[in-house]
Amino acid sequence: MNDRELDRWLKSAPVPERPVDYWEDFPRRVRAALPRGPGRAGQWEASSGRRPIFARLTLAASIAGACLVIGFIIRSWRDNNAWLTAGDLANARTYLREVEALFPNQVQAVVFETSGPRLELAARADVSAGSPVLVRVCGPDGCRSFLTFSGQQIPWNGDWLDVLVDARGRVLLVGAKLAWTSGEASARVGDYRFAARSLGTAS
Amino acid sequence: MGAEHDEREGIRLSREGRAEAFSELIRQHQRMIHSLTYRMTGSLAEAEDLAQDTFLRAWQHLDSFQGEAKFSTWLCRIAMNTCLNWRRREGRRNEVQQTWANDAQVDGAPHPAPAPASELNQRVQAALNRLPVKQRAAIVLTIHEEMNHAEAAHALGCSEATISWRLFAARTKLKRWLKTEVIDE
(Lines give C-alpha, C1' and ligand atoms only; values in the text may rest on other atoms or scores of the structure.)
Protein backbone atom coordinates (compact mmCIF):
# COMPACT_ATOMS: atom_id res chain seq x y z
CA MET A 1 0.00 0.00 0.00
CA ASN A 2 1.45 3.36 -0.98
CA ASP A 3 0.81 6.77 0.59
CA ARG A 4 -1.79 7.71 -2.00
CA GLU A 5 -3.82 4.56 -1.41
CA LEU A 6 -3.62 5.05 2.34
CA ASP A 7 -4.79 8.66 2.01
CA ARG A 8 -7.71 7.51 -0.12
CA TRP A 9 -8.71 4.96 2.51
CA LEU A 10 -8.45 7.49 5.28
CA LYS A 11 -10.55 10.01 3.43
CA SER A 12 -13.14 7.35 2.67
CA ALA A 13 -14.01 7.00 6.38
CA PRO A 14 -17.00 9.33 6.64
CA VAL A 15 -17.93 11.61 9.50
CA PRO A 16 -21.50 10.62 10.44
CA GLU A 17 -23.91 13.15 8.98
CA ARG A 18 -26.09 15.23 11.28
CA PRO A 19 -29.51 16.60 10.41
CA VAL A 20 -29.91 20.10 9.01
CA ASP A 21 -31.62 21.26 12.25
CA TYR A 22 -28.50 20.44 14.18
CA TRP A 23 -26.39 22.85 12.13
CA GLU A 24 -29.02 25.55 12.44
CA ASP A 25 -29.28 25.08 16.16
CA PHE A 26 -25.60 24.71 17.02
CA PRO A 27 -24.60 28.41 16.68
CA ARG A 28 -27.60 29.32 18.88
CA ARG A 29 -26.47 26.88 21.56
CA VAL A 30 -22.93 28.23 21.54
CA ARG A 31 -24.27 31.75 21.69
CA ALA A 32 -26.42 30.84 24.68
CA ALA A 33 -23.32 29.52 26.43
CA LEU A 34 -21.28 32.68 25.82
CA PRO A 35 -20.46 34.58 29.00
CA ARG A 36 -23.22 37.09 29.76
CA GLY A 37 -22.48 40.76 30.25
CA PRO A 38 -22.08 44.02 28.40
CA GLY A 39 -20.23 42.30 25.57
CA ARG A 40 -17.01 40.50 24.94
CA ALA A 41 -14.83 43.60 24.67
CA GLY A 42 -16.44 45.15 27.72
CA GLN A 43 -15.76 42.08 29.81
CA TRP A 44 -12.12 42.10 28.84
CA GLU A 45 -11.74 45.80 29.46
CA ALA A 46 -13.45 45.46 32.81
CA SER A 47 -10.97 42.83 33.87
CA SER A 48 -7.92 44.42 32.27
CA GLY A 49 -6.95 46.22 35.46
CA ARG A 50 -6.35 42.85 37.00
CA ARG A 51 -5.20 40.45 34.34
CA PRO A 52 -6.68 36.98 34.71
CA ILE A 53 -4.48 34.55 36.59
CA PHE A 54 -4.23 32.51 33.42
CA ALA A 55 -2.61 35.46 31.63
CA ARG A 56 -0.14 35.93 34.48
CA LEU A 57 0.73 32.26 34.48
CA THR A 58 1.17 32.36 30.72
CA LEU A 59 3.50 35.35 31.05
CA ALA A 60 5.52 33.62 33.78
CA ALA A 61 5.70 30.43 31.74
CA SER A 62 6.76 32.41 28.67
CA ILE A 63 9.60 34.09 30.58
CA ALA A 64 10.71 30.76 32.04
CA GLY A 65 10.52 29.20 28.59
CA ALA A 66 12.53 32.03 27.07
CA CYS A 67 15.23 31.60 29.75
CA LEU A 68 15.40 27.90 29.01
CA VAL A 69 15.65 28.53 25.28
CA ILE A 70 18.40 31.15 25.76
CA GLY A 71 20.28 28.77 28.07
CA PHE A 72 20.00 26.02 25.57
CA ILE A 73 21.14 28.24 22.70
CA ILE A 74 24.22 29.34 24.67
CA ARG A 75 25.01 25.74 25.52
CA SER A 76 24.51 24.63 21.96
CA TRP A 77 26.61 27.51 20.65
CA ARG A 78 29.51 26.31 22.70
CA ASP A 79 29.00 22.85 21.41
CA ASN A 80 30.68 21.56 18.31
CA ASN A 81 27.38 20.13 17.10
CA ALA A 82 25.40 23.32 17.52
CA TRP A 83 23.23 22.57 14.52
CA LEU A 84 22.04 19.23 15.93
CA THR A 85 19.53 20.58 18.40
CA ALA A 86 18.05 19.05 21.54
CA GLY A 87 14.75 18.94 19.67
CA ASP A 88 16.35 16.88 16.91
CA LEU A 89 17.73 14.44 19.47
CA ALA A 90 14.46 14.20 21.37
CA ASN A 91 12.58 13.61 18.12
CA ALA A 92 15.12 11.01 17.06
CA ARG A 93 14.74 9.12 20.35
CA THR A 94 10.96 9.17 20.06
CA TYR A 95 11.11 8.10 16.48
CA LEU A 96 13.54 5.34 17.22
CA ARG A 97 11.19 3.90 19.84
CA GLU A 98 8.36 4.00 17.31
CA VAL A 99 10.15 2.25 14.46
CA GLU A 100 11.86 -0.23 16.73
CA ALA A 101 8.49 -1.20 18.15
CA LEU A 102 7.19 -1.71 14.64
CA PHE A 103 10.21 -3.49 13.21
CA PRO A 104 12.27 -4.95 16.06
CA ASN A 105 15.89 -5.74 15.13
CA GLN A 106 15.15 -4.91 11.50
CA VAL A 107 15.88 -1.19 11.29
CA GLN A 108 19.19 -0.36 9.63
CA ALA A 109 18.61 3.35 9.26
CA VAL A 110 16.02 6.03 8.87
CA VAL A 111 17.17 8.58 6.34
CA PHE A 112 15.72 12.08 6.45
CA GLU A 113 15.99 13.84 3.15
CA THR A 114 14.30 16.90 1.72
CA SER A 115 11.78 14.59 0.07
CA GLY A 116 10.84 13.15 3.48
CA PRO A 117 11.87 10.27 5.73
CA ARG A 118 12.86 6.89 4.29
CA LEU A 119 13.08 3.69 6.27
CA GLU A 120 15.84 1.19 5.48
CA LEU A 121 15.04 -2.27 6.79
CA ALA A 122 17.05 -5.45 6.74
CA ALA A 123 15.42 -8.42 5.04
CA ARG A 124 15.57 -10.33 8.31
CA ALA A 125 15.15 -9.24 11.90
CA ASP A 126 18.79 -9.83 12.70
CA VAL A 127 20.21 -6.32 12.99
CA SER A 128 22.27 -6.24 16.14
CA ALA A 129 21.23 -3.47 18.48
CA GLY A 130 24.27 -1.18 18.70
CA SER A 131 24.05 2.25 20.25
CA PRO A 132 21.62 4.43 18.33
CA VAL A 133 23.19 7.42 16.61
CA LEU A 134 21.93 10.51 14.85
CA VAL A 135 24.21 11.73 12.06
CA ARG A 136 23.67 14.82 9.93
CA VAL A 137 25.67 15.45 6.80
CA CYS A 138 25.38 18.68 4.81
CA GLY A 139 27.10 19.15 1.49
CA PRO A 140 26.67 20.81 -1.89
CA ASP A 141 23.50 18.78 -2.49
CA GLY A 142 21.85 19.74 0.79
CA CYS A 143 21.49 18.01 4.14
CA ARG A 144 20.59 14.47 5.06
CA SER A 145 20.14 13.00 8.52
CA PHE A 146 20.58 9.36 9.39
CA LEU A 147 19.07 7.73 12.43
CA THR A 148 21.09 4.54 12.63
CA PHE A 149 23.10 2.33 14.95
CA SER A 150 26.74 1.87 15.81
CA GLY A 151 28.10 -0.77 13.44
CA GLN A 152 25.90 0.22 10.50
CA GLN A 153 27.03 2.06 7.38
CA ILE A 154 25.78 5.25 5.78
CA PRO A 155 26.39 6.45 2.21
CA TRP A 156 28.53 9.55 1.65
CA ASN A 157 29.97 11.05 -1.50
CA GLY A 158 30.03 7.73 -3.39
CA ASP A 159 31.56 5.97 -0.43
CA TRP A 160 30.26 4.13 2.61
CA LEU A 161 31.07 5.30 6.10
CA ASP A 162 31.09 2.98 9.08
CA VAL A 163 29.27 4.51 12.02
CA LEU A 164 30.88 3.64 15.33
CA VAL A 165 30.48 4.84 18.90
CA ASP A 166 33.50 4.75 21.21
CA ALA A 167 33.52 4.14 24.94
CA ARG A 168 33.23 7.88 25.64
CA GLY A 169 30.11 8.21 23.54
CA ARG A 170 31.86 9.95 20.63
CA VAL A 171 30.68 9.03 17.16
CA LEU A 172 33.26 8.00 14.56
CA LEU A 173 32.59 8.04 10.83
CA VAL A 174 35.16 5.97 8.99
CA GLY A 175 35.43 5.37 5.24
CA ALA A 176 38.04 5.02 2.51
CA LYS A 177 38.26 8.80 2.09
CA LEU A 178 37.31 10.03 5.52
CA ALA A 179 37.83 9.48 9.21
CA TRP A 180 35.94 11.92 11.38
CA THR A 181 34.91 11.97 15.00
CA SER A 182 32.31 14.06 16.75
CA GLY A 183 35.02 15.03 19.25
CA GLU A 184 36.92 17.06 16.64
CA ALA A 185 37.04 20.80 16.97
CA SER A 186 35.85 21.38 13.42
CA ALA A 187 32.79 19.74 11.94
CA ARG A 188 33.83 20.65 8.40
CA VAL A 189 35.54 18.28 5.98
CA GLY A 190 36.00 19.84 2.55
CA ASP A 191 32.61 20.88 1.22
CA TYR A 192 30.87 18.76 3.82
CA ARG A 193 29.79 19.47 7.33
CA PHE A 194 29.11 16.73 9.85
CA ALA A 195 27.32 16.46 13.15
CA ALA A 196 26.68 13.30 15.08
CA ARG A 197 25.46 12.33 18.50
CA SER A 198 25.03 9.05 20.27
CA LEU A 199 21.49 8.67 21.56
CA GLY A 200 22.53 6.52 24.47
CA THR A 201 21.92 2.84 24.90
CA ALA A 202 19.75 0.90 22.50
CA SER A 203 16.15 0.59 23.63
CA MET B 1 -12.25 38.13 -1.69
CA GLY B 2 -15.84 38.87 -0.61
CA ALA B 3 -15.95 35.93 1.76
CA GLU B 4 -12.60 36.94 3.26
CA HIS B 5 -13.82 40.49 3.73
CA ASP B 6 -17.00 39.24 5.36
CA GLU B 7 -14.96 37.05 7.66
CA ARG B 8 -12.68 39.91 8.68
CA GLU B 9 -15.72 42.07 9.32
CA GLY B 10 -17.29 39.25 11.34
CA ILE B 11 -14.16 38.97 13.44
CA ARG B 12 -14.04 42.73 13.99
CA LEU B 13 -17.69 42.87 15.08
CA SER B 14 -17.25 39.81 17.29
CA ARG B 15 -14.33 41.52 19.00
CA GLU B 16 -16.68 44.35 19.80
CA GLY B 17 -18.90 41.85 21.55
CA ARG B 18 -21.48 41.35 18.80
CA ALA B 19 -22.61 37.79 19.40
CA GLU B 20 -24.70 37.63 16.23
CA ALA B 21 -21.56 38.26 14.14
CA PHE B 22 -19.85 35.46 16.01
CA SER B 23 -22.79 33.17 15.25
CA GLU B 24 -22.13 33.76 11.57
CA LEU B 25 -18.48 32.79 12.02
CA ILE B 26 -19.63 29.63 13.78
CA ARG B 27 -21.95 28.83 10.88
CA GLN B 28 -19.06 29.16 8.43
CA HIS B 29 -16.70 26.87 10.34
CA GLN B 30 -18.87 24.53 12.39
CA ARG B 31 -18.74 21.58 10.00
CA MET B 32 -14.96 21.68 9.75
CA ILE B 33 -14.57 21.87 13.53
CA HIS B 34 -17.09 19.07 14.14
CA SER B 35 -15.34 16.93 11.58
CA LEU B 36 -11.99 17.54 13.24
CA THR B 37 -13.22 16.87 16.79
CA TYR B 38 -15.05 13.74 15.62
CA ARG B 39 -11.95 12.34 13.95
CA MET B 40 -9.94 13.11 17.05
CA THR B 41 -12.39 11.41 19.42
CA GLY B 42 -14.34 8.89 17.38
CA SER B 43 -17.44 9.94 19.29
CA LEU B 44 -20.30 12.16 18.11
CA ALA B 45 -21.22 13.34 21.58
CA GLU B 46 -17.65 14.21 22.54
CA ALA B 47 -17.16 15.87 19.17
CA GLU B 48 -20.16 18.10 19.83
CA ASP B 49 -18.96 19.12 23.31
CA LEU B 50 -15.45 19.79 22.08
CA ALA B 51 -16.71 21.79 19.11
CA GLN B 52 -18.76 23.91 21.50
CA ASP B 53 -15.74 24.38 23.81
CA THR B 54 -13.66 25.36 20.79
CA PHE B 55 -16.01 28.16 19.81
CA LEU B 56 -16.35 29.35 23.40
CA ARG B 57 -12.58 29.58 23.72
CA ALA B 58 -12.34 31.29 20.36
CA TRP B 59 -14.82 33.91 21.59
CA GLN B 60 -12.86 34.45 24.78
CA HIS B 61 -9.51 34.74 23.03
CA LEU B 62 -10.53 36.50 19.84
CA ASP B 63 -8.22 39.40 20.72
CA SER B 64 -5.24 37.08 20.34
CA PHE B 65 -6.10 36.36 16.70
CA GLN B 66 -3.57 38.48 14.82
CA GLY B 67 -4.54 37.50 11.30
CA GLU B 68 -1.12 35.99 10.56
CA ALA B 69 -2.72 32.65 9.77
CA LYS B 70 -6.14 31.97 8.31
CA PHE B 71 -8.98 32.19 10.80
CA SER B 72 -9.82 28.56 10.06
CA THR B 73 -6.24 27.53 10.95
CA TRP B 74 -6.46 29.51 14.18
CA LEU B 75 -9.76 27.76 15.02
CA CYS B 76 -8.19 24.38 14.21
CA ARG B 77 -5.40 25.14 16.62
CA ILE B 78 -7.90 25.86 19.39
CA ALA B 79 -9.87 22.74 18.50
CA MET B 80 -6.74 20.60 18.54
CA ASN B 81 -5.65 21.99 21.90
CA THR B 82 -9.13 21.39 23.24
CA CYS B 83 -9.02 17.80 22.00
CA LEU B 84 -5.52 17.21 23.42
CA ASN B 85 -6.54 18.66 26.79
CA TRP B 86 -9.64 16.52 26.80
CA ARG B 87 -7.50 13.47 26.11
CA ARG B 88 -5.22 14.26 29.00
CA ARG B 89 -8.05 15.13 31.32
CA GLU B 90 -10.28 12.19 30.66
CA GLY B 91 -7.74 9.52 29.81
CA ARG B 92 -10.38 7.89 27.71
CA ARG B 93 -8.27 6.69 24.88
CA ASN B 94 -8.59 3.03 25.72
CA GLU B 95 -12.27 3.35 26.34
CA VAL B 96 -12.88 4.96 22.98
CA GLN B 97 -10.68 2.41 21.25
CA GLN B 98 -12.65 -0.31 22.92
CA THR B 99 -15.87 1.24 21.76
CA TRP B 100 -14.63 1.34 18.22
CA ALA B 101 -13.14 -2.09 18.36
CA ASN B 102 -16.43 -3.59 19.51
CA ASP B 103 -18.49 -1.96 16.82
CA ALA B 104 -19.30 1.45 15.49
CA GLN B 105 -22.00 1.87 18.07
CA VAL B 106 -21.96 5.61 17.71
CA ASP B 107 -23.48 7.12 20.81
CA GLY B 108 -26.67 8.04 19.11
CA ALA B 109 -29.15 8.71 21.89
CA PRO B 110 -29.71 12.43 21.34
CA HIS B 111 -28.81 12.25 17.66
CA PRO B 112 -30.25 10.38 14.74
CA ALA B 113 -28.38 7.31 13.59
CA PRO B 114 -25.42 8.16 11.39
CA ALA B 115 -25.32 7.25 7.75
CA PRO B 116 -24.20 3.63 7.48
CA ALA B 117 -20.49 3.34 6.92
CA SER B 118 -18.87 0.34 5.34
CA GLU B 119 -17.05 -2.09 7.56
CA LEU B 120 -13.79 -1.10 5.97
CA ASN B 121 -14.45 2.54 6.75
CA GLN B 122 -15.12 1.66 10.36
CA ARG B 123 -11.84 -0.16 10.47
CA VAL B 124 -10.09 2.85 9.04
CA GLN B 125 -11.56 5.04 11.78
CA ALA B 126 -10.67 2.41 14.38
CA ALA B 127 -7.09 2.35 13.11
CA LEU B 128 -7.02 6.13 13.31
CA ASN B 129 -8.19 5.92 16.92
CA ARG B 130 -5.35 3.55 17.76
CA LEU B 131 -2.74 6.13 16.81
CA PRO B 132 -1.04 8.25 19.47
CA VAL B 133 -3.04 11.43 19.67
CA LYS B 134 -0.39 13.75 18.22
CA GLN B 135 0.18 11.51 15.23
CA ARG B 136 -3.57 11.31 14.72
CA ALA B 137 -3.76 15.08 14.85
CA ALA B 138 -1.15 15.33 12.09
CA ILE B 139 -3.13 12.90 9.93
CA VAL B 140 -6.45 14.63 10.55
CA LEU B 141 -5.10 18.07 9.69
CA THR B 142 -3.09 17.14 6.61
CA ILE B 143 -5.20 14.36 5.10
CA HIS B 144 -8.74 15.17 6.16
CA GLU B 145 -8.52 18.93 6.50
CA GLU B 146 -6.06 19.10 3.60
CA MET B 147 -3.74 21.54 5.33
CA ASN B 148 -0.18 21.86 4.10
CA HIS B 149 2.62 21.06 6.53
CA ALA B 150 3.14 24.71 7.44
CA GLU B 151 -0.53 25.19 8.33
CA ALA B 152 -0.64 21.94 10.29
CA ALA B 153 2.53 22.95 12.12
CA HIS B 154 0.93 26.28 13.03
CA ALA B 155 -2.25 24.57 14.17
CA LEU B 156 -0.34 22.13 16.37
CA GLY B 157 2.28 24.60 17.55
CA CYS B 158 5.23 22.55 16.34
CA SER B 159 7.75 22.59 13.50
CA GLU B 160 7.09 21.36 9.97
CA ALA B 161 9.80 18.75 10.51
CA THR B 162 7.85 17.41 13.48
CA ILE B 163 4.70 17.22 11.36
CA SER B 164 6.63 15.37 8.68
CA TRP B 165 7.97 13.03 11.32
CA ARG B 166 4.59 12.33 12.92
CA LEU B 167 3.00 11.75 9.52
CA PHE B 168 5.64 9.27 8.53
CA ALA B 169 5.29 7.36 11.80
CA ALA B 170 1.49 7.44 11.57
CA ARG B 171 1.46 6.30 7.95
CA THR B 172 3.84 3.46 8.69
CA LYS B 173 1.57 2.19 11.46
CA LEU B 174 -1.67 2.68 9.54
CA LYS B 175 -0.32 0.84 6.51
CA ARG B 176 0.71 -2.03 8.72
CA TRP B 177 -2.59 -2.23 10.58
CA LEU B 178 -4.79 -1.76 7.52
CA LYS B 179 -2.74 -4.21 5.48
CA THR B 180 -3.28 -6.78 8.21
CA GLU B 181 -7.00 -6.02 8.19
CA VAL B 182 -7.23 -6.55 4.44
CA ILE B 183 -5.22 -9.75 4.55
CA ASP B 184 -7.39 -11.00 7.42
CA GLU B 185 -10.47 -10.37 5.31
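This text follows the structure it describes.
Residues numbered from 1 in each chain as written. Chains lettered and ligands numbered in written order. Predicted model: local features only at pLDDT ≥ 70, side-chain atom pairs only at ≥ 80, totals over all residues. Heavy atoms only, no water.

(A) Up close: the overall build of chain B. Broken down by element type, chain B carries nine helices and zero strands. Each helix and strand of chain B, placed in order from N terminus to C terminus, yields the pattern α-α-α-α-α-α-α-α-α. Counting all 185 residues of chain B, 53% fall into the buried class. Across chain B, the fraction of contacts at a sequence separation of at least 24, relative to all contacts at a separation of at least 6, is 66%. (Helix = DSSP H or I, 4+ residues; strand = E, 2+ residues; numbered from the N terminus. Buried < 20%, exposed > 50% of the residue type's maximum accessible area, 1.4 Å probe, protein only. Contact = heavy atoms within 4.5 Å.)

(B) Inspection of the state of the cysteines at higher detail. Residue and element names in this part refer to chain A. Taken as a whole and judged by the stated rule, the model has one disulfide over all chains. Between the sulfur of Cys138 and that of Cys143 lies a disulfide, 1.8 Å long from S to S. Sign of the S-S torsion, about 110 degrees for the bond between Cys138 and Cys143, identifies this disulfide as right-handed. According to the relative accessible area criterion, Cys138 is buried, its value standing at 13%. (Disulfide = S-S within 2.5 Å.)

(C) Representation of the interface of chain B and chain A. Counting residues at the interface gives 58 residues for chain B and 41 residues for chain A. Overall, the association of chain B and chain A removes approximately 4,700 Å² of surface from exposure, summing both partners, and the carbon and sulfur fraction of that is 66%. Across the chain B-chain A interface, the total number found is eight salt bridges. For A:Asp3, the salt bridge is made with B:Arg171, and the minimal N-O distance between the two is 3.9 Å. Only helix H1 (2-15), helix H2 (19-41), helix H3 (44-60), helix H6 (119-130), helix H7 (133-144) and helix H9 (160-184) of chain B provide two or more residues apiece to the side of chain B that touches chain A. Per element, the largest residue contribution to the side of chain B that touches chain A is 14 residues, and it comes from H9(B). Residue composition of the side of chain B that touches chain A, grouped by class: 27 nonpolar, 17 polar and 14 charged. (Buried area = accessible area lost by both parts, 1.4 Å probe. Salt bridge = Lys/Arg side-chain N within 4 Å of Asp/Glu carboxyl O. Nonpolar A, V, L, I, M, F, W, Y, C, P; charged D, E, K, R; others polar.)

(D) Representation of the pattern of salt bridges. All chains considered together, the criterion is met by 17 salt bridges over all chains. With a shortest N-O distance of 2.9 Å, A:Arg170 and A:Asp166 are connected by a salt bridge. The shortest N-O distance in the salt bridge between B:Glu9 and B:Arg12 comes to 2.7 Å. Taken together, the positions of B:Glu9 and B:Arg12, both in helix H1 and three residues apart, correspond to about one turn of that helix. B:Glu9 sits in the partly exposed class, given a relative accessible area of 31%. With relative accessibility at 39%, the residue B:Arg12 sits in the partly exposed group.

(E) Local environment of the pairing of strand E5 (residues 153-156) of chain A. All names here are of chain A. By the alternation rule, side chains of E5 split into Ile154 and Trp156, which are all buried, and Gln153 and Pro155, of which none is buried. Here E5 pairs with strand E6 (residues 159-165) via four bridges, running antiparallel. When the bridges of E6 are listed, Trp156 appears paired with Asp159. Linking two consecutive strands that pair antiparallel, namely E5 and E6, is a turn of two residues; a positive phi of about 50 degrees is found at Asn157 within it. (Pairing = 2+ DSSP bridges.)

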